[in-house]
Amino acid sequence: MTARAAAAAGTALRAVFTAVLAVRALAGVMLVAYGAWLAWPPAGFIVAGAALLADRLDDRRRPDGGTPS
């Protein structure tokens, strides 16, 4: 019974850490895109689109289908 509780807690903690890392990464991309937009408005859209495309290509490149480890 204790092993099951520990496994469930570990899984929940791993999900929380993954979510925190995803939010941090998204915030970084948003700040870079916003900074580019301040310099030249179309650049913000170009940077944001390139970041999303790079993320999508990285997911396709991973052998596990992009699931975080």
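Residues numbered from 1 in each chain as written. Predicted model: local features only at pLDDT ≥ 70, side-chain atom pairs only at ≥ 80, totals over all residues. Heavy atoms only, no water.

Caption draft 1: Inspection of the overall build of the protein at higher detail. Scanning the protein from N- to C-terminus turns up two helices and zero strands. Taken over the C-alpha trace, the protein has a radius of gyration of 17 Å; the compact-globule value for 69 residues is 11 Å, which it surpasses by more than 25%. Each of the 69 residues in the protein was classed as buried or not, and the buried ones make up 7%. As displayed, the protein has an accessible area near 5,700 Å², and 72% of this comes from carbon and sulfur atoms. The averaged location of the 4 negative side-chain charges in the protein is 6 Å from the averaged location of its 7 positive side-chain charges. (Helix = DSSP H or I, 4+ residues; strand = E, 2+ residues; numbered from the N terminus. Rg over C-alpha atoms; globule rule 2.2 N^0.38 Å. Buried < 20%, exposed > 50% of the residue type's maximum accessible area, 1.4 Å probe, protein only. Areas by Shrake-Rupley, 256 points an atom, 1.4 Å probe, with all protein chains shown as cover. Lys, Arg positive; Asp, Glu negative; His and termini not counted. Charge placed at Lys NZ, Arg CZ, Asp CG, Glu CD.)

Caption draft 2: Region of the structure containing the environment of proline 63. By secondary structure assignment, the location of proline 63 is in the segment after helix H2 (41–61). Put simply, proline 63 and alanine 22 are 41 residues apart on the chain and 19 Å apart in space, counted from C-alpha to C-alpha.

Caption draft 3: Region of interest: the packing of aromatic side chains. Counting across every chain of the model gives one aromatic pair. On the numbers, 6.0 Å between centres and 20° between planes, the contact of tyrosine 34 with tryptophan 37 is stacked. Highlighted residues: tyrosine 34 and tryptophan 37, both in helix H1 (residues 2–39), separated by three residues, approximately one helical turn. (Phe/Tyr/Trp six-rings, centres within 6.5 Å; stacked < 30°, edge-to-face > 60°.)

Take it as geometry only, folks, not as evidence of what the structure does.
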